[in-house]
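Working through the structure, step by step
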Amino acid sequence: MRDIKLAAIKEETTKTVIYVDEVAVGTGFCVIAGPCSVENEKQTIETAIAVKEAGADMLRGGAFKPRTSPYAFQGLGLRGLKILKKAKEETGLPIVTEVIDPRDVPWVSEYADVLQIGARNMQNFSLLKEAGRAKKPVLLKRGMNSTVEEWLYCAEYILNEGNPDVILCERGIRTFETYTRNTLDISSVPSLKGLTHLPVIVDPSHASGRANLVPSLSMAAVAAGADGLLVEVHINPEEAMSDNNQMLDVMEFSQMMKKIRMLYGFIKEI
Ligand code: PEP
Ligand code: MN
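Residues numbered from 1 in each chain as written. Chains lettered and ligands numbered in written order. Predicted model: local features only at pLDDT ≥ 70, side-chain atom pairs only at ≥ 80, totals over all residues. Heavy atoms only, no water.

**Comments concerning the sheet that holds strand E4 (residues 58-60)**
For sheets, the rule is that strands pair by backbone hydrogen bonds, running either parallel or antiparallel. Which entries qualify depends on this criterion: In this scheme, strands are said to pair when DSSP sees at least two bridges between them. Helical segments are the DSSP runs of H or I of at least four residues, strand segments are the runs of E of at least two, and each set is numbered from the N terminus. Where helices are involved, their axes are fitted lines through C-alpha atoms of the stretch in contact, as for all axes, and angles between N-to-C directions lie from 0 to 180°. Only heavy atoms matter for contacts: two residues are in contact if any of them lie within 4.5 Å across the pair.
Pairing is parallel around the closed barrel formed by eight strands, whose spatial order is E3-E4-E5-E6-E7-E8-E9-E10. The sheet shows a mean angle of 25 degrees between the axes of neighbouring strands, taken without regard to direction. In this structure, strand E3 (residues 30-34) lies alongside strand E10 (residues 228-232), joined through five bridges in parallel fashion. Looking at the pairing, valine 31 lines up with leucine 229 of E10. Across the sheet, helix H9 (residues 250-267) touches E3 and E10, and the angle it forms with E10 is around 170 degrees.

What follows is the structure, encoded as structure tokens:
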């Protein structure tokens, strides 16, 4: 990986720790939770309060949704961002939200504490460059058809524009297996730990597409040395406007958080 210059581990570099308000990413274990999409104020704020109560560190929620079908719910846009802002005012949780168009980066940055670049846009180089000029950390998801090396080159695009704060998020890749939505490449976590100083988190929700698998994959992420999780949670998953099969309800999330905390406590001692 000759040209991975800024993202690569060098002997003198220590791990990158990114501060989002008071939340540290890259030291300890950080959990980002919330609905797939911002649907309305009640759903978003109730979910935000519940995930905070369960111990989440940041709130996620999409206002711009990159959907497979043009007829599927595309997100509330600016209205969704305003709802996220309100959820932050209510809970204090920093906001992670996706940006899908380079032209939107400057103004979405006014609402987002962390800009998410989704799997489908991992190699959208103009979006990467624009995010590299933003003053907010970037959560860069792995493309579903991308290698670890290609992913690191995308992080390099952002770093090269002057933004040092990139969080890598493994969210599963396409394989011949169709039982799960994607296949969680758990080996990417320790692989990246040997290649880059950037924080690495895992999204077990998009990786599996199945809510009942999310707790096990989350535990696997902790055991593999991930710096955190991005988990989809909804107050009423059955009625969600997107990704309803993979979202945990509030009770399931809270139970999972207890296990995660215990396992993390154990792992960090060994
Ligand atoms: C999401 O996080 O809601 C999302 C669309 O994820 P991905 O880009 O990993 O498919
Ligand atoms: Mn989703």
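So much for the structure itself; the text now carries on.
**Some words on the nonpolar core**
Rule in force here: To define a nonpolar core, start from buried Ala, Val, Leu, Ile, Met, Phe, Trp, Tyr and Cys residues and group those joined through side-chain atoms within 4.5 Å. Exposure classes here rest on a 1.4 Å probe applied to the protein chains alone. A residue is buried below 20% of its type maximum, exposed above 50%, and partly exposed in between.
Within the largest apolar cluster, 65 residues are counted, with the highest numbers of intra-cluster contacts made by Leu140, Leu168 and Phe253. The residues touching leucine 168, leaving out its near neighbours within four places in the chain, are Leu140, Trp151, Leu152, Ala155, Leu192, Thr196, Leu198, Pro199, Val200 and Ile201. Formed by 14 residues, the second largest nonpolar core is a distinct cluster that contains Val23, Val25, Met58 and Leu139.

**So, the layout of surface pockets**
If a probe as big as a water molecule is rolled over the atoms, it shows which places are left empty. Note the threshold: Using protein atoms alone on a 1 Å grid, points that fit a 1.4 Å probe yet trap it form a cavity, whereas open point sets bounded by protein on both sides within 12 Å along at least five of seven lines form a pocket; residues with an atom within 4 Å of a point count as lining. Grid points are joined across faces, edges and corners, and a volume is the space filled by probe spheres set on the points. Side-chain classes follow a simple rule in which Ala, Val, Leu, Ile, Met, Phe, Trp, Tyr, Cys and Pro form the nonpolar group, Asp, Glu, Lys and Arg form the charged group, and the remainder, Gly included, forms the polar group.
Here the largest pocket is characterised by a volume of approximately 410 Å³. Around the largest pocket, the lining comprises 24 residues; the ones closest to its centre are Arg120, Arg171, Arg181, His206 and Asp243. Of the residues belonging to the lining of the largest pocket, the class tally is five nonpolar, seven polar and twelve charged. The volume enclosed by the second largest pocket comes to roughly 150 Å³. Lining the second largest pocket we find Asp3, Lys5, Leu6, Tyr153, Glu156, Tyr157 and Asn160. Residues belonging to the lining of the second largest pocket are distributed by class as follows: three nonpolar, one polar and three charged.

**Digging into the pattern of salt bridges**
Rules: Should a side-chain nitrogen of Lys or Arg be within 4 Å of a carboxyl oxygen of Asp or Glu, the pair is scored as a salt bridge.
Scanning the model with the defined rule gives 15 salt bridges in all. Glutamate 46 is the salt-bridge partner of lysine 42, the closest N and O atoms lying 3.2 Å from each other. Residue lysine 42 and its partner glutamate 46 are located together in helix H1 (residues 41-54), separated by four residues, close to a single helical turn. Bridged by salt links that share partners, the residues Lys15, Lys193 and Asp227 form one connected network.

**Quick word on the coordination of the manganese ion (ligand 2)**
A metal bound by six donors in octahedral fashion has ideal angles of 90 or 180 degrees, whereas one bound by four tetrahedral donors has an ideal angle of 109.5 degrees. Where we set the bar: Each metal's donors are the N, O and S atoms found within 2.8 Å of it, except that Na, K and Ca use a 3.2 Å limit; water is left out, so coordination can look incomplete.
The manganese ion (ligand 2) binds to the protein through Cys36 (SG), His206 (NE2), Glu232 (OE) and Asp243 (OD); the donor distances cover 2.0 to 2.4 Å. One chain supplies every donor for the manganese ion (ligand 2), spaced along it as C-x169-H-x25-E-x10-D. Remark: aspartate 243 occurs in the loop between E10 and H9 and histidine 206 occurs in helix H7 (residues 204-208); sequence separation between them is 37 residues. Histidine 206 sits in the buried class, given a relative accessible area of 8%.

These values are about where atoms sit, not about what they do.
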